[in-house]
Protein chains: 2
Amino acid sequence: MGDSVKEKIVVSTLKLISEKGYRSTTTRNIAEEAGVNEVTIFRCFRSKKDIVLYALKELELLKPMDKKILEKCKWDLKEDLLMLAEEYHKNFTEDKAKIMIGLRSPEIFEEVKEYLMRIPKGFKDVLIEYFKIMYQKGMLNNDDFELLAFSFLSLNFGFILMKASYGRKLIGFSNDEFVRRSIEIFVKGIAKSS
Amino acid sequence: MGDSVKEKIVVSTLKLISEKGYRSTTTRNIAEEAGVNEVTIFRCFRSKKDIVLYALKELELLKPMDKKILEKCKWDLKEDLLMLAEEYHKNFTEDKAKIMIGLRSPEIFEEVKEYLMRIPKGFKDVLIEYFKIMYQKGMLNNDDFELLAFSFLSLNFGFILMKASYGRKLIGFSNDEFVRRSIEIFVKGIAKSS
DNA sequence: CATTTATGCAAGTAATTGCTTACAAAAATA
DNA sequence: TATTTTTGTAAGCAATTACTTGCATAAATG
């Protein structure tokens, strides 16, 4: 089984899961979507579950945000939070959010839960670190770093999940616009007034 | 079929869907959970799908927030937003969030989508109305009401969904604590400085 | 008490699903 | 060209699932 075949299967699987959920995505669906015979799937992977586990483990599909990102900071609240949020949205797209939702199936959820948590957890850790430093620099009016991180995370996570769930019917903003303007509010809320 | 039986079936169905999703919740599961024979289910409802539709339509499980809630406002930003958020969290619990996620199955999603959107949509509408009035009263530094509403909604929606998805492993706050303190930040961000 | 109604029980059906087997056709490799 | 590896095809199996049927029992209702 060539690597390109394996990849096609993985990509198709994730696509279908994001649309229909894990349980409703059948191996026949996957085969059709990948333009491959169903048997080929089981020659590449031991089971349907294995496709997902492979995607999460080997492909590092959901790798968390690295703290190295902090090196990019200019230590200006607005500028930095915008950069961090953009990085988050770049990584945690609407599609990935749908995959996360789609993997909420008992046959697989316990095994993938840890992976699914990585993105929000990684972002949260980076934010806590960032806010700690900013507080030491005297730029913040609040020293509950976990609260700050979590508020900012909820704001962004909530936005993506709502968009993934209800799409444009509920949301009149582009990602960029929402991020930029909600950050302005947030910054006003936490910046030390001089 | 007595009403109490019907109710037991509905409650069990929703509970199981919140845990395992629609597709993975079998009619046998439901029967067992409800302490009822599987056949009884099909005597009360025409199909599995009908149970959910009945729950959403007849039980008004997900009824949106009413604009009458605005009558409770004291027209103090912090106090009002706290009240509105509490009302939202009272209505849109972790369990309901799980049901929303669990209903993301192709056999049923299109038919329930509209209902699932009601809660966030209703909350958003109320918020827009509220912010409009507060702006007229000269209490806000921002007149993009949809942005304000949506930021606040994302914050609360994101929090509940994260809690529903990852539970306490990621989140160290109680609902009350998070709501209270995140609102303080938000209010600082949008209140007109006098 | 007589009759209707609601429920349980046992069995089963047709469709779907994850996965397997056996064999032939390509396609890559030597 | 000869051989090995990869893929397609066809068929099917065992388990599961939504839903049905027929009949017995109990409970409510007249």
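Predicted, not measured: the structure shown is a model, and the values here were computed from it.

## What to know about empty space enclosed by the protein
Empty space left among the atoms is revealed by rolling a probe the size of a water molecule over them.
At step 1: Considering all chains together, one arrives at six cavities of 30 Å³ or more under this definition.
At step 2: When its volume is computed, the largest cavity comes out at roughly 170 Å³.
At step 3: Forming the boundary of the largest cavity are 22 residues, of which R104 of chain A together with G21, I101, G102 and R104 of chain B lie nearest the centre.
At step 4: Elements with a minimum of two residues in the lining of the largest cavity: α6 (94-102) of chain A together with α1 (3-20) and α6 (94-102) of chain B.

## Concerning the UniProt feature "domain: HTH tetR-type" (unreviewed entry) in chain A
At step 1: Here the UniProt feature "domain: HTH tetR-type" (unreviewed entry) sits at residues 3-63 of chain A.
At step 2: For residues 3-63 of chain A, the helix share is 70%, the strand share is 0%, and the end-to-end C-alpha distance is 21 Å.

## Thoughts on the relation of the copies chain B and chain A
At step 1: Least-squares fitting of chain B to chain A yields an RMSD of 0.0 Å, with the superposition described by an axial translation of 0.0 Å and a rotation of 180 degrees. In short, the pair behaves as if placed about a two-fold rotation axis.
At step 2: Comparing contact sets, 100% of the residues at the interface of chain B also lie at the interface in chain A, consistent with an isologous, same-surface contact.

## Some details on the layout of surface pockets
At step 1: The space that makes up the largest pocket amounts to roughly 230 Å³.
At step 2: Every residue lining the largest pocket is listed: R104 of chain A together with V11, L14, K15, S18, E19, L61, D95, K96, K98 and I99 of chain B.
At step 3: The set of elements that each furnish at least two residues to the lining of the largest pocket consists of α1 and α6 of chain B.
At step 4: The biggest single contributor to the lining of the largest pocket is α1 of chain B, with five residues.
At step 5: Class assignment for the residues of the lining of the largest pocket results in four nonpolar, one polar and six charged.
At step 6: Formed jointly, the lining of the largest pocket draws a minimum of three residues from each of two domains, domain 1 (2-58) and domain 2 (67-190) of chain B.

## Remarks on the packing of aromatic side chains
All names here are of chain A.
At step 1: Under the definition given, this model contains 29 aromatic pairs over all chains.
At step 2: Aromatic pair F152 and F186: ring centres 5.1 Å apart, planes at 40 degrees, arrangement tilted. In this pair, F152 is assigned in helix α8 (residues 145-166) and F186 in helix α9 (residues 175-190), connecting sequence segments 34 residues apart.
At step 3: Residue F152 is classed as buried on the basis of its relative accessible area, which comes to 0%.

## Side note on the side chain of N142 of chain A
At step 1: Secondary-structure assignment places N142 of chain A in the loop between α7 (109-136) and α8.
At step 2: Separated by 2.8 Å, the side chain of N142 of chain A and the backbone nitrogen of D144 of chain A make a polar contact.
At step 3: Excluding residues that lie within four positions of it along the chain, N142 of chain A makes contacts with Y135, L147 and L148 of chain A together with I185 of chain B.

## A closer look at the interface of chain B and chain A
At step 1: Residue-level contacts link 51 residues of chain B with 51 residues of chain A.
At step 2: Both sides of the chain B and chain A interface together cover about 4400 Å² of buried area, and 68% of this is carbon and sulfur.
At step 3: Broken down residue by residue, the surface that chain B buries against chain A is led by R104, Y166 and I185 of chain B, which jointly contribute 17%.
At step 4: Put simply, chain B and chain A have two salt bridges between them.

Rules used throughout
Residues numbered from 1 in each chain as written. Chains lettered and ligands numbered in written order. Predicted model: local features only at pLDDT ≥ 70, side-chain atom pairs only at ≥ 80, totals over all residues. Heavy atoms only, no water. 1 Å grid on protein atoms, 1.4 Å probe; cavity = no way out; pocket = protein on both sides within 12 Å on 5 of 7 lines; lining within 4 Å. Points joined across faces, edges and corners; volume = space filled by probe spheres on them. Helix = DSSP H or I, 4+ residues; strand = E, 2+ residues; numbered from the N terminus. UniProt positions renumbered as here; feature names shortened; annotations may be inferred. Least-squares fit on C-alpha atoms with pLDDT ≥ 70 in both. Contact = heavy atoms within 4.5 Å. Nonpolar A, V, L, I, M, F, W, Y, C, P; charged D, E, K, R; others polar. Domains from an automatic or database assignment. Phe/Tyr/Trp six-rings, centres within 6.5 Å; stacked < 30°, edge-to-face > 60°. Buried < 20%, exposed > 50% of the residue type's maximum accessible area, 1.4 Å probe, protein only. Polar contact = N/O pair within 3.5 Å; in protein donor to acceptor, adjacent residues only side chain to side chain. Buried area = accessible area lost by both parts, 1.4 Å probe. Salt bridge = Lys/Arg side-chain N within 4 Å of Asp/Glu carboxyl O.

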